[in-house]
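So the chains spell out like this:
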Amino acid sequence: MDIAASIALGCAAGSGAGLLAGLIGIGGGIVVVPVVYYGLLNSGVPPDEAVHVAVATSLAAILPAAIVSFLAHRRAGNTDFVFLWEWGPGIAVGVVVAQFTAPHVRGSLMTATFAVLCLIFAVRFAFPQRFRPFADQPPSGGFRHMAGLGIGLSSGFAGIGGGILTNIVMTLSGLPMHKSIGRAAAAGVVVSVPATIAAALASKANHPLELGSIDITMWACIAPAQAVAAWFGARLAPAISAEYLSRVFAIALSVTGVIMLHSSLA
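Values in this document were obtained by computation on a predicted structure and should not be read as measured data.

Below, the discussion takes up the overall build of the protein. Counting its regular elements, the protein contains 10 helices and 2 strands. In the protein, the succession of α and β elements from N to C terminus is α-α-α-α-α-α-α-α-β-β-α-α. The buried share of the protein, reckoned over its 266 residues, is 53%. Accessible area of the protein: about 11,400 Å², with a carbon and sulfur share of 70%.

Two quantities define a packed helix pair, namely the angle between the helix axes and the distance between the axes. Contact geometry of helix 2 (residues 29-42) with helix 3 (residues 47-75) gives a least axis separation of 8 Å together with a crossing angle of 145°. Pair helix 2 / helix 3 crosses with right-handed handedness. On helix 3, the residues touching G29, V32, V33, V36, Y37, L40 and L41 of helix 2 are P47, A50, V51, V53, A54, V55 and S58.

With 9 of 10 residues buried, helix 7 (residues 163-172) lies mostly within the body of the structure. Downstream of helix 7 by one or two residues, G174 has phi in the positive range, about 95°.

So, on to the packing of aromatic side chains. Tallied over the full model, the rule gives 4 aromatic pairs. Between F83 and W87 the ring centres are 5.8 Å apart and the planes differ by 15°, which places this aromatic pair in the stacked class. Taken as a pair, F83 and W87 lie in helix 4 (residues 81-101) at a separation of 4 residues, close to a single helical turn. For the pair F83 and W87, a shared accessibility class is recorded, and that class is buried.

Before going further, it helps to spend a moment on the pattern of salt bridges. Overall, the coordinates contain 2 salt bridges when judged by the stated rule. The salt bridge involving R144 is made with E86; its shortest N-O contact spans 3.8 Å. Of this pair, R144 sits in helix 6 (residues 141-158) while E86 sits in helix 4, placing them 58 residues apart in sequence. You can call E86 partly exposed: its relative accessible area is 31%.

Right, let's talk about the nonpolar core for a bit. If you look at the biggest cluster of nonpolar residues, it comprises 60 residues, and the most contacted ones within it are I24, I30, I91, F249 and L253. The element that contributes the greatest number of residues to this core is helix 3, accounting for 10 residues.

Moving on, we come to the confidence of the model for the protein. When the pLDDT values of the protein are averaged, the result is 80; 89% of them are 70 or greater. Highest mean pLDDT in the protein belongs to helix 9 (residues 216-236) (87); lowest belongs to helix 5 (residues 107-126) (76).

Definitions and cut-offs
- Residue positions are given per chain, counting from 1 as you read along its sequence in written order.
- For this predicted model, a pLDDT threshold of at least 70 governs which residues receive local features, and a threshold of 80 or more governs which side-chain atom pairs are given and counted, while totals over whole chains, interfaces and linings are taken from all residues.
- Hydrogens are left out, water is left out, and the side-chain values use all remaining heavy atoms of the structure.
- Under the scheme used here, helices are H or I runs from DSSP no shorter than 4 residues and strands are E runs no shorter than 2 residues, and both carry numbers assigned from the N terminus.
- We call a residue buried when its accessible area falls under 20% of the maximum for its residue type, exposed when it is over 50%, and partly exposed in between, using a 1.4 Å probe and counting protein chains only.
- Here, Shrake-Rupley sampling with a 1.4 Å probe gives the accessible areas, and only protein chains in the shown set may cover a residue.
- Axis angles are defined between N-to-C directions and span 0 to 180 degrees, where every axis is a line fitted to C-alpha atoms and, for a helix, only to the segment in contact.
- Whether a crossing is left-handed or right-handed is set by the direction in which the near helix is turned from the far one by less than a right angle, anticlockwise for left-handed and clockwise for right-handed.
- Here, two residues are considered to be in contact whenever any of their heavy atoms come within 4.5 Å of each other.
- The criterion for an aromatic pair is that two Phe, Tyr or Trp rings (for Trp, the six-membered ring) have centres within 6.5 Å, with stacked assigned to planes under 30 degrees apart, edge-to-face to planes over 60 apart and tilted to the rest.
- Counted as salt bridges are all cases of a side-chain nitrogen of Lys or Arg within 4 Å of a carboxyl oxygen of Asp or Glu.
- Among buried residues, those of type Ala, Val, Leu, Ile, Met, Phe, Trp, Tyr and Cys that are joined through side-chain atoms within 4.5 Å constitute a nonpolar core.
- pLDDT is a residue-level measure of predictor confidence that goes from 0 to 100.

Okay, structure coming up:
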């Protein structure tokens, strides 16, 4: 893939990922991971290497958009710094463990796991009225730390910003959709910092323009576009109904799940 094509691909992926990050609180990995993965495959990169680079680059690109999205949702009253303090440590530990483990796990297994999670939860968000919360409030104490650890592990292996599972956990715990989205945006901040450091240190670079498993060229194209689009998405989210946002989330999960599952079975 030539430089112009890489720039165009990165900007397009970043814009789509950022809009979703702001709109429904996810980190954008469900857009960035497949785009970077297939872009690398078309460039002749082996599949196992491509999936690791795609995951690491996605996680590193999340931070600017996550900060923008978090601040916008905080301004709307849908998240706060207390969430970061209570949930952050568990999520961060899970991400670091996953990033140092990921280079030793087959890429196809990571891809398939990511795909199945997307498809399972797409059903729940496609029909929000048919599913009732499992609890009246988010977990606390030891259960909170376990849930945070699970969110971090899944994020680190799949290259997502933690927003998908955070949104799911908060929604199933009885939190309204808009507040779940706000906390999902906050999770992206917690995930991205340790994930970026771990991805840079966990494996050796295969090319001059890589930092560990992070593709610097793709990151430079994706991250700025993602941050700008996230601002617009976050400003738009409060004006959209919770049911509609839930279905947008379900569509994004379904498309990504099908694409990545096909990839893992190829």
